[in-house]
Amino acid sequence: MNPTIAMRMFGADFLKIRKKRGTLIWALVLALLPVIVFFVVGAIQHSSAPSEHSPAGGTSHFETCVQLLGGLFFGPLVAILIGVEAGTGDLAAGVFRDLVVTGRSRAALFASRVPAALALCWAVIVAAFVLALLGTYAFASNLPTPSASLIFNSLGFVLLTTGVLCVVAVGFSSLVGSKPGSIIALIAWQLVAGPLIASIGSLGGARRGVLDQALEHFSPLAPDKGRHGPTLLTMSGGTAVIVVVGWLVVFLALGAWRTRTMDA
Amino acid sequence: MSSADLSGSGLAIETNGLTKRFGERTALDGIDLRVPRGSAFGFLGPNGAGKTTIIRTLLGLTAADAGTMHVLGHAVPQERAQALQRVGAIVEEPRFHMHLTGRENLRIVAAVRGPEADARIDPALARVGLSERADQKVKSYSMGMRQRLGVARCLLADPLLLILDEPTNGLDPGGIQEFREMIRAMVEQEGRTVFVSSHLLDEVEKTCDAAAIVDRGKIITQGTIADLAGGGAARHELIVGVDDPDRALGVLGASEIVLESHRSDEGLRVVLAGEPQSAAQVNALLVNAGIGVARLEPVRHSLEQRFLEITSRLDADLVPEEVKA
């Protein structure tokens, strides 16, 4: 497939999910609202009791925002919503067969979903990150502000965690074929099953296979400020990369296989 | 209507021994189908006969278990991409992204087809009369408009072959008439081949040049509409009203131009051995024998009669012996 057609197919897939109003609104709400609430509540607390509550901005609050968007519930949820929409949109609308009868390979139809989902997911996440930066500086008062390297590393971490989850969501939902089923399963994994498995000591080194644990390895924040805190497993950078790449490869392969072999 | 020569080499669709099974059930049982280029071809059969399954198999939506297929001269699935490059299809009802406009839905398919398809969006919308509603969301469209948008989507391929699965389902009488005219125009003015599956006999008879009748996964017969209606080779029959039926039967029975003659409720039913022009010879024969001829009317065979004959014969074949007894 030539690059022109690849770009056009990416554009078409991006159009489909960008115009899905419900998904986009939920993604924006989940990404932006927690950041807004976090700074507004912090500012109110500080203004009402300055001696008890520090200003709402500064490095410490910026790091909390990074956790909201990268490691905790909200960023991953945005990634799951958008990834699942990209993975199941054609099937849910009944349009997949109309794309197949163009003669274009099913692998190409699957492949174009991935960059489209990533583009929208990252656009929403970057918007939330910029909002977090604005709040960090606007409410910093006399507190220290994050260094440029912390800002860029944090942005990279947030994009990495949401990007990986978004791609996994595209692959998983293409495999399952059901939008609600995929969303429920991925959220259950992200919020319940993953942390639960990571906390079972008897599983030993196998726990390093949990995606969250590997992703947390790339966090620019100190381990005690990360999502997992003391439960974070130590692993080498190489192991973390292998785990993350493994998850991507497995779910992309499964999604592509299902897209290629299913009755349309 | 353009003529459809099923023996010619210019076939838009050709299948040999095409077989598809779903578990124990055989949905397609050794289908040998020949669809001539430049014709409207009806694929006629009752619900559940296997019409949609063959369309899905031809388009690569589901895999065949046995047999070979050629679409526009390309082997499928080996050369599926080339085969489908100039094929437009509506399988079952046309489906769209409801949250997008008609034009956006076409843009999505055009992106998948290739850059040249973009330039066909506006002409395709105009061709189906949707230019003015193209920028409204599809969820606001009526069923008829969605059908037309489905055809517009097919036209993005500048198709040599259109495959339409039950295209008039859900359309009102006006919409059905419009659709028929569109199909005929595509065949007669634009030289496209249109393959229409339908369970509606009237639909196929009024729209198509040739047809295949399918039932229980098998093609029962195929040919031009006239041939099918006549029962294989063209069959010409007359209803003859005479003043002396007994003597007329004797005269006709002795003639070489008459294959068969018998009484019926309407008069004498005469099957001609040759061309329909020999009706004049029948008239002359009777008049020369001194028999008064009050009526001489060609029998118009309908596809419906033929279809009912075939399917009732099939039903009879399937009745267990003990029940027949």
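Before any of the text, the structure's been laid out above.
The present account deals with the structure reproduced in this document. (Residues numbered from 1 in each chain as written. Chains lettered and ligands numbered in written order. Predicted model: local features only at pLDDT ≥ 70, side-chain atom pairs only at ≥ 80, totals over all residues.)

## Observations regarding the sheet that holds strand β5 (residues 74-76) of chain B
Strand pairing in a sheet relies on backbone hydrogen bonds. The paired strands run either parallel or antiparallel.
Residues and elements named next belong to chain B.
Point 1. Pairing in this open sheet of four strands is antiparallel, and the strands run β2-β1-β4-β5 from one edge to the other. Sheet topology places β2 (25-36) and β5 at the edges, where each strand pairs with a single neighbour. Averaged over all pairs of adjacent strands, the angle between strand axes in this sheet comes to 25 degrees, irrespective of strand direction.
Point 2. Of the pairings in the sheet, the one linking strand β1 (residues 11-22) to β2 comprises eight bridges and is antiparallel in character. Looking across to β2, one finds that I13 is bridged to V35. (Pairing = 2+ DSSP bridges. Helix = DSSP H or I, 4+ residues; strand = E, 2+ residues; numbered from the N terminus. Axes fitted to C-alpha atoms, helices over the stretch in contact; angles between N-to-C directions.)

## A few points about the nonpolar core
Point 1. Ranked by internal contacts, the top residues of the largest apolar core, which has 145 residues, are L69, V78, I82 and A117 of chain A together with F195 of chain B.
Point 2. The element contributing the most residues to this core is helix α8 (residues 148-176) of chain A, with 13 residues.
Point 3. For A117 of chain A, the contacting residues outside a window of four places in its chain are I17, I82, G83, A86, C166 and V170 of chain A.
Point 4. Core analysis: the second largest hydrophobic core is formed by 12 residues, V240, L252, L272 and L286 of chain B among them. (Core = buried A, V, L, I, M, F, W, Y, C linked by C-beta atoms within 7 Å. Buried ≥ 20, exposed ≤ 12 C-beta atoms within 10 Å, placed from the backbone. Contact = placed C-beta atoms within 7 Å.)

## Observations regarding the interface of chain A and chain B
Point 1. Each partner contributes to the interface: chain A provides 24 residues, whereas chain B provides 28 residues.
Point 2. Mapped by element, the contributors of at least two residues to the side of chain A that touches chain B are α1 (3-18) and α5 (96-100) of chain A.
Point 3. A total of eight residues in the side of chain A that touches chain B trace back to one element, the largest contributor, which is α1 of chain A.
Point 4. A breakdown of the residues in the side of chain A that touches chain B according to their chemical character gives 10 nonpolar, five polar and nine charged. (Nonpolar A, V, L, I, M, F, W, Y, C, P; charged D, E, K, R; others polar.)

Taken by themselves, the reported measurements are silent on function.
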